[in-house]
Amino acid sequence: MKQVIGKKVGMTQVFLEDGAVVPVTVVSVEPQAVVQKKTMEVDGYEAIQVSAFDIKEKRVNKPKRGHFDKAGLPYKRVLREFRLDDSEDFKDLNVGDEVKVDVFQAGDIVDVIGTSKGKGTQGIIVRHNFGRGRETHGSKMHRMAGGMGAASYPGKVFKNHRMSGKMGNERVTVQNLEVVRVDGENNFMLIKGAVPGPKNGMLIVRSGKKSGK
């Protein structure tokens with residue numbers, strides 16, 4: 001399985017050779033160095049840690065400084081670990097090697113993992129798509145949640161009942177998106193459709209698990 005760290009730049013559209021217009025998300029994928037390689041003998045599993053995107057030195061805490069200094073690599077903002085259990089592409093990588101955007105090609109099917117936009121506290125209409133109450137004179141049931149389904153017995157609201165509350169700011173995976181274009185010179189890729197999160201949000205782009213390809 002191939003994986004890279006990306007940053008969501010925004011959305012645009014491109015024209016294909018047949019003239020079709022395709023909406024795409026621009027994802028910046030800078031060259032990312034391997035900071036640590038974990039092995040079955042030492043750690044009990046196989047994985048690599050990769051880092052991406054520059055950061056000011058004063059913003060790096062001491063544990064992370066030591067981690068990068070041990071590898072002899074410059075400080076980076078994002079550090080992610082990729083398991084190698086089912087990946088033949090990254091098994092030969094060692095500390096200091098780079099993973100670039102050209103591990104993917106146009107036509108590849110990928111899954112994109114990100115953190116969705118935080119919406120704050122929302123009511124049941126926005127959060128769960130409930131219908132409104134009547135707008136007639138005297139009605140006091142406009143945007144309320146309605147009955148909770150419990151009286152004196154059992155005398156409580158059951159868990160997982162759909163109510164108002166915090167919305168968004170969750171880990172989201174969008175599966176089976178197509179890579180439309182890869183630009184190795186400018187370090188970005190175009191992915192068909194929308195991906196989770198706001199602009200400048202961090203993403204993980206990996207080979208599609210359920211694509212069948």
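Reading guide: rules and limits
Residues numbered from 1 in each chain as written. Predicted model: local features only at pLDDT ≥ 70, side-chain atom pairs only at ≥ 80, totals over all residues. Heavy atoms only, no water. Helix = DSSP H or I, 4+ residues; strand = E, 2+ residues; numbered from the N terminus. Rg over C-alpha atoms; globule rule 2.2 N^0.38 Å. Buried < 20%, exposed > 50% of the residue type's maximum accessible area, 1.4 Å probe, protein only. Contact = heavy atoms within 4.5 Å. Areas by Shrake-Rupley, 256 points an atom, 1.4 Å probe, with all protein chains shown as cover. Lys, Arg positive; Asp, Glu negative; His and termini not counted. Charge placed at Lys NZ, Arg CZ, Asp CG, Glu CD. Salt bridge = Lys/Arg side-chain N within 4 Å of Asp/Glu carboxyl O. Pairing = 2+ DSSP bridges. Axes fitted to C-alpha atoms, helices over the stretch in contact; angles between N-to-C directions. Core = buried A, V, L, I, M, F, W, Y, C linked by side-chain atoms within 4.5 Å. Polar contact = N/O pair within 3.5 Å; in protein donor to acceptor, adjacent residues only side chain to side chain.

## With respect to the overall build of the chain
Counting its regular elements, the chain contains 3 helices and 12 strands. Computed over its C-alpha atoms, the radius of gyration of the chain comes to 23 Å, more than 25% above the 17 Å expected for a compact globule of 213 residues. If you line up the chain on its principal axes, its C-alpha atoms span 70 × 50 × 40 Å. Split into buried and exposed, the 213 residues of the chain put 34% on the buried side. For the chain, long-range pairs separated by at least 24 residues make up 70% of all intrachain contacts whose partners lie at least 6 apart in sequence. Accessible surface, the chain as shown: approximately 13500 Å² in total, 47% of it carbon and sulfur. Placing the 37 positive and 25 negative side-chain charges of the chain at their respective mean positions leaves the two points 15 Å apart.

## Section: the pattern of salt bridges
Oppositely charged side chains can form a pair if their charged atoms are brought close together. Tallying each qualifying case throughout the model produces 7 salt bridges. Among the ionic pairs, Lys76 bridges to Asp54, the shortest N-O distance being 2.6 Å. Pair noted here: Lys76 is in strand β5 (residues 76–83) and Asp54 is in strand β4 (residues 47–54), with a separation of 22 residues, a long-range link.

## Digging into the sheet that holds strand β6 (residues 98–99)
Strand pairing in a sheet is mediated by backbone hydrogen bonds. Such pairs are either parallel or antiparallel. The strand order β5-β4-β3-β6 describes an open sheet built from 4 strands, whose pairing is antiparallel. The open sheet has two edge strands, β5 and β6, and neither has a second partner. Packed onto the sheet, helix α2 (residues 62–71) meets β3 (32–38), β4 and β5 and runs at close to 70° relative to β5.

## A few points about the pairing of strand β7 (residues 109–115)
Counting buried residues in β7 gives 6 out of 7 residues, a clear majority hidden from the surface. The pairing of β7 with strand β10 (residues 171–183) spans 6 bridges and is classified as antiparallel. Considered in β10, the bridge of Ile113 is made with Thr173. As judged from the 5 bridges shared by β7 and strand β12 (residues 202–207), these two strands associate in the antiparallel manner. By the bridge assignment, Ile113 is partnered in β12 with Ile204.

## Looking at the sheet that holds strand β1 (residues 3–15)
The strand order β1-β2-β11-β10-β7-β12 describes a closed barrel built from 6 strands, whose pairing is antiparallel. For this sheet, the mean angle separating the axes of adjacent strands, direction not counted, is 50°.

## Focus: unusual backbone geometry
Following Tyr153, the chain continues to Pro154 via a peptide bond in cis, the omega torsion being 0°. Note on placement: Pro154 falls in the loop between α3 (124–128) and β9 (165–167). With a phi close to 60°, Asn176 is a non-glycine residue in the positive phi region. Locating Asn176 in the fold gives a position in strand β10. Positive phi, normally seen in glycine, also occurs at Asn200, with a value near 70°. Position of Asn200 among the secondary structure elements: in the loop between β11 (188–192) and β12.

## Focus: the nonpolar core
Grouped together as the largest cluster of nonpolar side chains are 28 residues, with contacts concentrated most on Ile5, Ile48, Val110, Val112, Met189, Ile191 and Val205. The set of elements that each furnish at least two residues to this core consists of β1, β4, β5, β7, β10, β11 and β12. In terms of residue count, the dominant contributor to this core is β4 (4 residues). What Ile191 contacts, discounting residues up to four positions off in sequence, is Pro23, Val24, Thr25, Val27, Val110, Val112, Leu177, Glu178 and Val205.

## Considerations on the side chain of Lys2
By the element assignment, Lys2 lies in the segment before β1. Within the structure, the side chain of Lys2 is placed 3.0 Å from the backbone oxygen of Val103, a separation counted as a polar contact. Ignoring any residue separated from it by four or fewer positions in sequence, one finds Lys2 in contact with Asp89, Phe90, Val103, Phe104, Asp108, Val205, Arg206 and Ser207.

## A closer look at the environment of Val174
Positionally, Val174 belongs in strand β10. Once you skip the residues sitting within four places of it in the chain, Val174 turns out to touch Val110, Asp111, Val112, Ala194 and Pro196.

## So, α2
Each full turn of the α-helix corresponds to 3.6 residues, which orients residues three or four apart in the same direction. Of the residues that open α2, the one with a side-chain oxygen 3.0 Å from the backbone nitrogen of Lys64 is Asn61. Directly beyond the C-terminal end of α2, a positive phi value near 70° is found at Gly72.

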